[in-house]
Amino acid sequence: MSRSLEASTAVGAQRPGSSSGGEELNIFEDAQTYYASEARHINRNHKRHSSYSQDSLVREMERLGLQSRYRRGSHDEDSTPQSRQFLVDVDHTLESLRAQEDTDGNMQITIEDTGPKVLSLRTAASGGFNRFDIRGTYMLSNLLQELSLAKEYGRHRIILDIGRLNENPVSRLSRLIRTQFWEGLTRRIDGSSIEVAAKDAKDWTDDPRPRIYVPRGAPEQYEYYQKYARERPEIRLDVQLLPEIITADVVRDLNDSPGPGLLAVAMEESVDTNTGEKTLKGVPFVVPGGRFNELYGWDSYMESLGLLVSDKVHLAKAMVQNFCFCIQHYGKILNATRSYYLTRSQPPFLTDMALRVYERIHHQPDAKEFLKVAIIAAIKEYYTVWMAEPRLDPKTGLSRYRPEGRGVPPETEASHFVHILEPYAKKHGMTFKQFVKAYNYGKVNEPELDEYFMHDRAVRESGHDTSYRLEKVCANLATIDLNSLLYKYEMDISRTIRNVFGDRLEIPAEWCSGVMKPGQVETSATWDRRWRRRRAAIHKYCWNEEQGMYFDYDTVKQEQCTYESCTTFWPLWAGVPDPEKAAKVVQNAVPKFEAYGGLLSGTEKSRGEVSLERPNRQWDYPYGWAPQQMLAWTGLYRYGYADLAQKLAYKWLFMVTKAFFDFNGVVVEKYDVTRPVDPHRVDAEYGNQGLDFKGVAKEGFGWVNASYVYGLQFISTDMKRALGTVTPYEVYEKAQQAREEKFFE
């Protein structure tokens, strides 16, 4: 696996660090640096410092009765393709560009727009006298993005480098992820953000207001937010202390009164620059998409893979610290840090996440303590969440997604389930609203509804909401994905205790809960026995020798499921199978799941027919998700299938790059991996996140950003070059075969 990303640029794009003006100005700086620089936007090539839109000079000459000679920039002896710059009137050019090229009026320029796909700009080297044509969807959409950013930073006239318009799309997307997207998705919870972050669109009480719940083990945070609320009475911040013991009934009651709210996460001591007094500052984290303000579960692990590639180790480390805070104070890594998620977790990735960060910071003085806290937190989560009732199935020794809950999921409006609940309301002679309240508070007893919502909550905890694989059965399944992750926990904890902590790790009292005892000592031998037992159970219950794949196991029906899911690759990521079983997975599963743009979440056969009555689910065929790709690449690479990992990574990266190239820089939550032209168009239940932007996308989507920079580590230099020219894998493969045949002639 390559450790460095190619910094290649397209023909005509300027190299970083170079400038036509003689000074070392990097034309690929982040937008803030690029557009905030006064020196950059002074025309050093001509005595005139005015900037022109494509028509302004023509109009001025016509007013004076003069005739303008039209000269392309390519005829300008002082302007070379590598250093060409343009004098641009931002507002006027933006207006002209939109009017001419954004023919569908959606504030984006895509291959679906029917404009002439050419706009001429005045060259800086000629002082605005000569013009150069900007041609094609990609360059014009980049122009729209750059002008939108320039306007946001308050610039009316700019000198724009052509390198920002014809930049290699792989370089451009990688750069945006590194310099812009991660920053746009970074949050910290403290006084700087609480007014916005603590608001909750799902607060359906009579008096919705910003609200934060603080755990009893963090009195310094309670004092901090109380003080802030007193100092800022106009925002009406409601600061609540959480009860000591959290149950499903408590979560239900909190949601009704005082109402849902944000959960406090980790903070660190800081000094107020204005007063010089000590205060607290939120430990940062990255959210999945721009509309979120809370810390999410397995999204954060996937994002950390991209953060580490992007050299944002501090952010990946901070997210581990936030997870540890959640486990210490809330008992688990939560689905997300809102009060209605207090009884629900998500797929556990903490040990791998912490070890990857530790590998990058092991030279730092606090590195060993950081890892110690993370491993202790993972041990607590393992004992009290995944190996405890109701998630543990005692008969198989395997674990299930099976969160506690009461009534209708509190984060979901009851009307979402009207088709489920209405018949019961009629049965009891109640209005819909009366029945929902009576059911939530146990005034009516409906075991079938209890079963339905138990599985619904479990699907949400699994992170795969929703899929026909899990619908109405999830809480009964020992899924192959969850048990592969727990095998990895057991293996990671064993090795870390043995190799880093001298084969002895004592658990402090503040981390103990449930069956744990203060001062208990963990050794590698205990954890070795655990991963061996789980591996044996996985192969007994989840391995299908005839199919050569892993499947979920129904602990109630006591039979193996038949739904073919991309999670069959997760055991390879965790290191569960021996080489023989891994080879069978490769042989049997890859042909079932490989598609035009990477791996499918599930097969069409397993999903079954869809209709108005049985619509598509977003975690089923034909959709592909970044986590499934990343875990599969890593697992295949681990077992020596580097070429296959390269191929699958290329297909995914090509699909993301092609949508980015053709559709105004779009990066979305999920893709239809069977659609060559517009894979970002998803018509499943929740639509797609990341589509709704005007002019320029500023965040992408967390785990897709990560999958892009992470995936580039798997492919070869030749592949990166082909990707930069937006070459489909099949075309690249044929070219490689032709090259090899010619070599051996």
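Structure's up top.
Note that this is a predicted model, so its numbers are computed, not measured. Each residue is numbered by its place in its chain's sequence as written, counting from 1. Totals for whole chains, interfaces and linings use every residue, but because this is a predicted model, local features are given only for residues with pLDDT of at least 70 and side-chain atom pairs only at 80 or more, for both listing and counting. Heavy atoms from the whole structure form the basis of all side-chain values; hydrogens and water molecules are not counted.

Student: Looking at this structure, how should I read the overall build of the protein?
Tutor: Numbering of helices and strands starts at the N terminus; helices are DSSP runs of H or I of at least 4 residues and strands are runs of E of at least 2. A count of helices and strands for the protein gives 25 helices and 22 strands. Taken over C-alpha atoms, the radius of gyration is set against a globule rule of 2.2 Å times the number of residues to the power 0.38. Taken over C-alpha atoms, the radius of gyration comes to 28 Å for the protein, in line with the 27 Å a tight globule of 745 residues would show. Expressed along its principal axes, the backbone C-alpha trace of the protein runs to roughly 90 × 75 × 60 Å. The rule is simple: take the accessible area with a 1.4 Å probe, protein chains only, and divide by the maximum for that residue type; under 20% is buried, over 50% is exposed, in between is partly exposed. Counting over 745 residues, the protein shows a buried share of 59%. Taking contacts inside the protein between residues at least 6 apart in sequence as the whole, the part at least 24 apart equals 71%. For every accessible area listed, the method is Shrake-Rupley and the probe measures 1.4 Å; residues are considered covered only by the protein chains on display. Accessible area for the protein stands at about 30800 Å²; split by element, carbon and sulfur atoms hold 48% of it. The positive count covers Lys and Arg only, the negative count covers Asp and Glu only, and His and the chain ends enter neither. To locate a charge, take atom NZ for lysine, CZ for arginine, CG for aspartate or CD for glutamate. Charged side chains in the protein number 97 positive and 104 negative. The centres of these two groups are separated by 1 Å. Residue contacts follow a heavy-atom distance rule, with two residues in contact if any of their heavy atoms lie within 4.5 Å.

Student: Could you clarify how one ought to interpret unusual backbone geometry in this entry?
Tutor: With glycine set apart, most residues show a phi of negative sign, and most peptide bonds adopt trans. Residue Pro258 is reached from Ser257 by a cis peptide bond, and omega for that bond is 5 degrees. Its place among the elements puts Pro258 in the loop between helix 8 (248–256) and strand 8 (262–263). Cis geometry marks the peptide bond from Asp465 to Thr466; its omega dihedral reads 5 degrees. Tracing the backbone through its elements, the reader meets Thr466 in the loop between helix 15 (447–462) and strand 12 (477–478). Of note, Asp311 is a non-glycine position whose phi angle comes to about 60 degrees, a positive value. Structurally, Asp311 can be placed in the loop between helix 9 (298–309) and helix 10 (313–330). Among the residues examined, Asp311 registers a relative accessible area of 57% and is labelled exposed.

Student: Please explain the environment of Phe660 as it appears in this structure.
Tutor: Mapped onto the elements of the fold, Phe660 is located in helix 22 (residues 642–662). Expressed as a C-alpha distance, the spacing of Phe660 and His455, which sit 205 residues apart in the sequence, is 37 Å. The contacts of Phe660, once residues within four sequence positions are left out, are Tyr138, Pro169, Arg172, Leu173, Leu176, Gly665, Val666 and Val667.

Student: Is there a simple way to explain the packing of aromatic side chains in this structure?
Tutor: Any aromatic ring pair is given by two values, namely how distant the centres are and how the planes are angled relative to each other. For Phe, Tyr and Trp, where Trp contributes only its six-membered ring, two rings pair if their centres lie within 6.5 Å, and the inter-plane angle classes them as stacked under 30 degrees, edge-to-face over 60, or tilted in between. Following the criterion strictly, the structure yields 42 aromatic pairs and no others. Ring geometry for Trp298 against Trp570: centres 6.0 Å apart, planes inclined by 45 degrees, an arrangement best described as tilted. Here the residue Trp298 occupies a position in helix 9, and Trp570 occupies one in helix 18 (residues 570–574), the gap between them amounting to 272 residues. By relative accessible area, Trp298 is classed as buried at 2%. Taking the relative accessible area as the measure of exposure, Trp570 reaches 1% and is therefore buried.

Student: Got a minute to help me understand the sheet that holds strand 18 (residues 559–560) in this structure?
Tutor: What holds strands together in a sheet is hydrogen bonding between their backbones, with the strands either parallel or antiparallel. Ordered by their spatial adjacency, three strands build an open sheet running 12-17-18, and the pairing between neighbours is antiparallel. Strand pairing shows two members of the sheet lacking a second neighbour, strand 12 and strand 18, which therefore form its edges. Two strands form a pair only when DSSP identifies at least two bridges running between them. Pairing analysis gives two bridges linking strand 17 (residues 553–554) to strand 18, with the strands arranged antiparallel. Residue pairing across strands places Asp554 opposite Glu559, the latter belonging to strand 18.

Student: Hey, could you run me through the packing of helix 9 against helix 10 in this one?
Tutor: In a packed pair of helices, the relevant descriptors are the angle between the two axes and the axis-to-axis distance. Close contact between helix 9 and helix 10 brings their axes to 8 Å; oriented N to C, the two are set at 155 degrees. Looking at the two axes, helix 9 sits roughly antiparallel to helix 10. Of the two possible hands of crossing, helix 9 and helix 10 adopt the one that is left-handed. Here Ser300, Glu303, Ser304, Leu307 and Leu308 of helix 9 come into contact with helix 10, specifically with Val313, Leu315, Ala316, Met319 and Phe323. Only Asp, Glu, Lys and Arg are considered charged in this grouping, and only Ala, Val, Leu, Ile, Met, Phe, Trp, Tyr, Cys and Pro are considered nonpolar; every other residue, Gly among them, is considered polar. Considering only residue class, the contact of helix 9 with helix 10 consists of seven nonpolar, two polar and one charged. Each axis is a line fitted through C-alpha atoms, and for a helix only the stretch in contact is used; angles between axes span 0 to 180 degrees, taken between their N-to-C directions. What sets the label is the angle itself: under 35 degrees gives roughly parallel, over 145 gives roughly antiparallel, 65 to 115 gives roughly perpendicular, and the rest give oblique. Put simply, a crossing is left-handed when the front helix is turned counterclockwise from the back one by less than a right angle, and right-handed when it is turned clockwise.

Student: For this particular structure, what's the right way to read helix 7 (residues 219–231)?
Tutor: Because the α-helix completes a turn every 3.6 residues, residues three or four places apart line up on one side. Its 13 residues give helix 7 an end-to-end C-alpha distance of 18 Å, which sits within 8% of 18 Å, the value for a rise of 1.5 Å per residue. The complete set of buried residues in helix 7 reads Gln221, Tyr224, Tyr225, Tyr228 and Ala229. Each buried residue of helix 7 lies within a common arc of 130 degrees when the element is viewed along its axis, so the set occupies one face. Facing away from the buried side of helix 7, by more than 90 degrees, are the exposed residues Pro219, Glu223 and Arg230. Buried residues belonging to helix 7 abut helix 6 (194–197), strand 6 (211–214), strand 7 (238–241), strand 9 (267–271), strand 10 (278–282) and helix 10. Any helix carries an expected span of 1.5 Å times its number of residues minus one. Here the arc refers to the set of directions running from the helix axis out to each C-beta atom.

Student: Honestly, the side chain of Asp393 in this entry has me stumped. Any pointers?
Tutor: Secondary-structure assignment places Asp393 in the loop between helix 12 (367–386) and helix 13 (418–427). An unpaired buried charge is present at Asp393: no salt bridge exists, and Arg400, the closest side chain of opposite charge, is 4.0 Å distant. Here Asp393 is in contact with Leu398, Arg400 and Thr555, once residues within four sequence places are set aside. Criterion for a salt bridge: a side-chain nitrogen of Lys or Arg within 4 Å of a carboxyl oxygen of Asp or Glu.

Student: What should I look at first to understand the side chain of Asp200 in this one?
Tutor: As for its placement among the helices and strands, Asp200 is situated in the loop between helix 6 and strand 6. Here Asp200 falls in the buried class, since its relative accessible area comes to 12%. A 3.5 Å cut-off defines polar contacts: any pair of N or O atoms within that distance qualifies, except that in protein one atom must be a possible hydrogen donor and the other a possible acceptor, and neighbouring residues in sequence count only when both atoms are side-chain atoms. Within the local environment of Asp200, its side chain forms a polar contact with the side chain of Tyr340, the two groups lying 2.9 Å apart. Apart from the residues lying within four places of it in its own chain, the contact partners of Asp200 are Pro260, Gly261, Arg338 and Tyr340.

Student: Would you mind showing me how to read the environment of Gln221 here?
Tutor: With respect to the element layout, Gln221 can be found in helix 7. Judged by its relative accessible area of 1%, Gln221 falls in the buried class. Filtering out sequence-adjacent residues up to four positions away, Gln221 remains in contact with Val214, Ala264, Val265, Ala266, Met267, Leu280 and Phe325. From its side chain, Gln221 meets the backbone oxygen of Val265 in a polar contact 2.8 Å long.

Student: Would you take a moment to explain the pairing of strand 4 (residues 157–161) for this structure?
Tutor: Every other side chain in a regular strand lies on the same face of the sheet, so the side chains alternate between the two faces. Extensive coverage of strand 4 is indicated by the burial of four of its five residues. Where strand 1 (residues 85–89) meets strand 4, five bridges bridge the pair, whose relative direction is antiparallel. Opposite Phe86, over in strand 4, you have Leu160 as the bridge partner.

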